[in-house]
Every structure is written in structure tokens, then in C-alpha cells.
Amino acid sequence: MAVIHHTTITPTKVELLTTWLPTRPWYRGGPDAPVLTKSGGFRLDDPKGEVGIEFMVATDTSTPEPTAYLLPLTYRGAPLEGAEQALVGTMEHGVLGKRWAYDGCHDPVLVTELLALIEGKAQAMAQSISDTPDSEVTRSYEGEPFSPQDFTPRPTDDEQGTQFPAPHGTTLRLHRVLQPVPENPPLPAQGVLGHVASGWPGPDGTRLRAVFMVLDAR
């Protein structure tokens, strides 16, 4: 189980994301820097205990209507070879020292554990509490068992989000801009092979919920 260290991080994750987020094609803000708040999310455990895996929801309040982004991130103690284009930035962790933060869609450790979550073989964990499952995260999958140990992600970004080919001729689509729905728990559209959904607190204190990602037939 991952241990959550309550310590200083310099620069903060939000500070790194404030610079990185406007470079993404799915960013909805204007020319000014976003005003970001870490709103929620969940974590997954790396079975080897080497890579931090976080699915952060960050809300930008600089837009006329607050925009919630899904930001999968990995934290490593050394650079990830071949992933220079996915580097969000580096930070100094008060306990672990220098950490390299990556867009997790390019990190095979995150993608492997994400597929395990969709399949029901991995447990979503609380974002800020050690060894605590996150019961609000829901998932589904209808298909053949995955064997993702040799899976290398090849993500592409466009204005709709991030997608990449997944095993068994499927495509994993991440909704980078979250669209809240009234259903609890949120359900994907009919015909979807798998999904992950959860909730986060909105700027006015209400609980918002959305489908975070779906697994489709190509």
C-alpha cells in the first residue's frame, strides 16, 4: 500500500499544473493563466512501491464557468526514459527528495494499474489517506481478461481528451474535461465495454460526479 506523506512539496503540484495545463489541446481556458484548485481524485498503488499514481481533479475558476480537469499523474524518483515530452515538471518532496512528475497517460505503470482497476483487479485508494480504499470510485468491464504487463501506452491528445489503443482491439478514452451528471453513481453510455467514474466537491460545496474514462471497441 502507498504511504501518503503529509509534507512540503516545492513547487506544489498545482503550481506545476498551472504552467503545463495551457499547453494541452483539451484546455478550455483563455490566454490568462488558469486559477487552479486541487478538488479531488483518487490514487492507485504501484505493486512495486516505486511510482506514485494519482488521478487528480483540478478545477479552474478563471473561466466564466468553473472547469474541472482530470489529470492522471505519476511521481518518480528518477526520469522515465523516453517520456521527456510527458514531463509536467520536477519538484522537491520534503521526505522523498527530488521527484519527476509525468502525465500518467504516458507512463506504463499507471496505464497497467488503470486497466487492472477497470477489470476489477486493482482497488482505487483514497487520495490523501494511507491504506484507505475510495468507495466512491465505480468501474465496470465486459470483455476478455487483460494481460497488460507488456502493454506500452501510445496516447494521443485532441480537443476532446486523451485516447490510446488498449488490449483486445479496444480504445481507452479519458475525459480530460469532466462533465457532471445527476446520476449517482454516474453510468456510461450504452455499448461501452468498461468505465471508471467518481465524484469531487464543486466550488459551491455541492458534490459533483462524472464518468472519468471509458473503454470502447475501436
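Being a predicted model, the structure only gives us computed values, none of them experimental.

Caption draft 1: Representation of the overall build of the protein chain within the structure. Counting its regular elements, the protein chain contains two helices and twelve strands. Taken against the 2.2 N^0.38 rule, which gives 17 Å for 218 residues, the C-alpha radius of gyration of the protein chain at 16 Å falls within 12% of a compact globule. Principal axes of the C-alpha set define a box for the protein chain whose edges measure 45 × 40 × 30 Å. For the protein chain, with 218 residues in total, the buried portion stands at 50%. Intrachain contacts of the protein chain at a sequence separation of at least 6 include 58% that bridge at least 24 residues. When the accessible surface of the protein chain is summed, it comes to about 10600 Å², and 51% of that surface belongs to carbon and sulfur atoms. Placing the 17 positive and 27 negative side-chain charges of the protein chain at their respective mean positions leaves the two points 2 Å apart.

Caption draft 2: Examining the packing of aromatic side chains more closely. Evaluation of the coordinates by the stated rule reveals seven aromatic pairs. When the ring of Trp20 is compared with that of Trp26, the centres are 6.1 Å apart and the planes differ by 65°; the resulting orientation is edge-to-face. For the pair shown, Trp20 and Trp26 are each scored as buried. Centre to centre, the rings of Phe42 and Phe55 are 4.9 Å apart; their planes meet at 10°, and the pair counts as stacked. Highlighted residues: Phe42 in strand E2 (residues 36–44) and Phe55 in strand E3 (residues 52–60), separated in sequence by 13 residues.

Caption draft 3: Region of the structure containing the environment of Gly194. In this fold, Gly194 is placed in strand E11 (residues 194–201). Given the relative accessible area of 0%, Gly194 is considered buried. On a C-alpha basis, the gap between Gly194 and Pro108 in space is 19 Å, while along the polypeptide they are 86 residues apart. Contacts of Gly194, omitting those with residues within four sequence positions, involve Ile118, Ser140, Tyr141, Met213, Val214 and Leu215.

Caption draft 4: View of the sheet that holds strand E8 (residues 156–158). One open sheet accounts for six strands, arranged E7-E11-E12-E10-E9-E8; its pairing is antiparallel. One side of each edge strand has no neighbouring strand; the edge strands of this open sheet are strand E7 (138–141) and E8. Strand-to-strand twist in this sheet, taken as the mean axis angle between neighbours without regard to direction, amounts to 20°. Alignment of strand E10 (residues 170–174) against strand E12 (residues 207–217), held across five bridges, turns out to be antiparallel. If you follow Leu172 over to E12, its bridge partner there is Leu215.

Caption draft 5: Seen up close, the side chain of Thr162. By the element assignment, Thr162 lies in strand E9 (residues 161–166). By relative accessible area, Thr162 is classed as buried at 0%. Excluding residues that lie within four positions of it along the chain, Thr162 makes contacts with Trp26, Cys105, Pro155, Thr156, Asp157, Leu172, Arg173, Leu174 and Arg176.

Caption draft 6: View of the pattern of salt bridges. Applying the stated criterion to the full structure yields nine salt bridges. Across the pair Arg207 and Glu136 runs a salt bridge, and its minimum N-O distance is 2.5 Å. Here Glu136 lies in the loop between helix H2 (108–119) and E7 and Arg207 lies in strand E12, a separation of 71 residues in the sequence. Among the ionic contacts, a cluster of salt bridges with common partners joins Lys13, Lys38, Arg43 and Glu54.

Caption draft 7: Representation of H2 within the structure. Relative to the 16 Å expected for twelve residues at 1.5 Å per residue, H2 spans 16 Å between its end C-alpha atoms, a close match to the ideal helical length. Taken residue by residue, H2 has Leu110, Val111, Thr112, Glu113, Leu114, Leu115, Ala116, Leu117, Ile118 and Glu119 as its buried positions. With a side-chain oxygen lying 3.0 Å from the backbone nitrogen of Val109, the N-terminal cap of H2 falls on Asp107. A positive phi of about 95° marks Gly120, the residue just after H2.

Cut-offs used in this document
- Residues numbered from 1 in each chain as written.
- Predicted model: local features only at pLDDT ≥ 70, side-chain atom pairs only at ≥ 80, totals over all residues.
- Heavy atoms only, no water.
- Helix = DSSP H or I, 4+ residues; strand = E, 2+ residues; numbered from the N terminus.
- Rg over C-alpha atoms; globule rule 2.2 N^0.38 Å.
- Buried < 20%, exposed > 50% of the residue type's maximum accessible area, 1.4 Å probe, protein only.
- Contact = heavy atoms within 4.5 Å.
- Areas by Shrake-Rupley, 256 points an atom, 1.4 Å probe, with all protein chains shown as cover.
- Lys, Arg positive; Asp, Glu negative; His and termini not counted.
- Charge placed at Lys NZ, Arg CZ, Asp CG, Glu CD.
- Phe/Tyr/Trp six-rings, centres within 6.5 Å; stacked < 30°, edge-to-face > 60°.
- Pairing = 2+ DSSP bridges.
- Axes fitted to C-alpha atoms, helices over the stretch in contact; angles between N-to-C directions.
- Salt bridge = Lys/Arg side-chain N within 4 Å of Asp/Glu carboxyl O.
- Expected span 1.5 Å × (residues − 1).
- Polar contact = N/O pair within 3.5 Å; in protein donor to acceptor, adjacent residues only side chain to side chain.

Everything listed is a geometric property; what it means functionally is a separate question.
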